[in-house]
Amino acid sequence: MTATRQLRPPTTGAAVLRQWALALLALSGAFVGFWALLAPASFYASFPGLGYSWVADAGQYDEHLVRDVGALYLALVAVTVVALLRPAAVRPWVAGLAWLVFGVPHLVFHAAHAGRGDVAEIAALTASVLLAAVACLPDRRERQNMP
């Protein structure tokens, strides 16, 4: 199959269904992810909305956990959007991007709440973010094919 064929819009019913499923997953993941990451107390008290409170019913509020869940959902959204836009792009940079979307907010939270004894934790989280950035670098074949 040529690269041109891979970039064409899907024509089969299964392919169209798969695209719709991915789009719905991305939208729902963005809803959960942004809410949990940007307004964790509201997410905890009110998710999923419409009079329900699934998270609050599950136990004590933990801002760190709620923000991590939000960041994780956004990582999944990033991978899903790439799958929609570049279905042939099953490469290390996709995983690197997902790790960055999760790892950067995770690092920022821990750094903002770090105490004197948290140097090793911050160093490990920083190393994880740097490794993810390296994973995002294109390999030689990808650089040769860049416009």
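Cut-offs used in this document
- Residues numbered from 1 in each chain as written.
- Predicted model: local features only at pLDDT ≥ 70, side-chain atom pairs only at ≥ 80, totals over all residues.
- Heavy atoms only, no water.
- Helix = DSSP H or I, 4+ residues; strand = E, 2+ residues; numbered from the N terminus.
- Buried < 20%, exposed > 50% of the residue type's maximum accessible area, 1.4 Å probe, protein only.
- Contact = heavy atoms within 4.5 Å.
- Salt bridge = Lys/Arg side-chain N within 4 Å of Asp/Glu carboxyl O.
- Expected span 1.5 Å × (residues − 1).
- Polar contact = N/O pair within 3.5 Å; in protein donor to acceptor, adjacent residues only side chain to side chain.
- Lys, Arg positive; Asp, Glu negative; His and termini not counted.
- Patch = residues over 30% accessible without salt bridge, like charges linked within 9 Å, V, L, I, M, F, W, Y side chains within 5 Å.
- Areas by Shrake-Rupley, 256 points an atom, 1.4 Å probe, with all protein chains shown as cover.
- pLDDT = per-residue confidence, 0-100.
- Phe/Tyr/Trp six-rings, centres within 6.5 Å; stacked < 30°, edge-to-face > 60°.

What follows concerns the overall build of the chain. Along the backbone of the chain there are seven helices and two strands. Counting from the amino terminus, the chain carries its helices and strands in the arrangement α-α-α-β-β-α-α-α-α. Of all 147 residues assigned to the chain, the portion counted as buried reaches 27%. Sequence-distant contacts in the chain: of pairs separated by 6 or more residues, those separated by 24 or more amount to 55%.

On to the pattern of salt bridges. When the charged atoms of two side chains lie near each other, side chains of opposite charge can form a pair. The tally for this structure, following the rule as stated, stands at one salt bridge. Put simply, Glu63 and Arg67 hold a salt bridge, and the shortest N to O gap is 2.7 Å. Taken together, the residues Glu63 and Arg67, both in helix α4 (residues 63-85) and four residues apart, mark about one turn of the helix. Given a relative accessible area of 25%, Arg67 falls into the partly exposed group.

Within the element layout of this structure, Ala78 appears in helix α4. Overall, Ala78 belongs to the buried group, its relative accessible area being 15%. Distance from Ala78 to Ala95, taken between C-alpha atoms, is 9.5 Å for residues 17 residues apart in sequence. The residues touching Ala78, leaving out its near neighbours within four places in the chain, are Leu97 and Val101.

A rise of 1.5 Å per residue sets the reference length of α4, with its 23 residues, at 33 Å; its end C-alpha atoms lie 33 Å apart and thus fit the reference within 8%. For α4, every residue scored as buried is listed here: Val66, Asp68, Gly70, Ala71, Leu74, Ala75, Val77, Ala78, Thr80 and Val82. At the N-terminal end of α4, a side-chain oxygen is found 3.1 Å from the backbone nitrogen of His64, two or three residues along, and the residue is Asp62.

Relative to the assigned elements, Asp68 resides in helix α4. We note that Asp68 is buried and unpaired, the nearest opposite charge coming from Arg67 at a distance of 8.1 Å.

Now for a nonpolar patch on the surface. On the surface, Leu65, Val69, Leu72, Tyr73 and Leu76 cluster together into a nonpolar patch covering about 430 Å² of accessible area. Within the secondary structure layout, Leu72 lies in helix α4. Judged by its relative accessible area of 44%, Leu72 falls in the partly exposed class.

Looking now at the confidence of the model for the chain. Looking at the chain, pLDDT values average 83 and 82% of them are 70 or higher. Confidence, read as mean pLDDT per element, is least for helix α1 (residues 3-7) in the chain (48) and greatest for helix α3 (residues 40-46) (96).

Along the chain, Phe47 connects to Pro48 via a cis peptide bond; the corresponding omega equals 10°. Position of Pro48 relative to the elements: it lies in strand β1 (residues 48-49). For Leu50, which is not a glycine, the phi torsion comes out positive at approximately 55°. Within the secondary structure layout, Leu50 lies in the loop between β1 and β2 (52-53).

The subject of this paragraph is the packing of aromatic side chains. On inspection of all chains with the given rule, the structure shows nine aromatic pairs. For the ring pair Phe47 and Trp54, a centre distance of 5.8 Å and an interplane angle of 80° mean the geometry is edge-to-face. Since its relative accessible area comes to 13%, Phe47 is described here as buried. A relative accessible area of 53% means that Trp54 is categorised as exposed.

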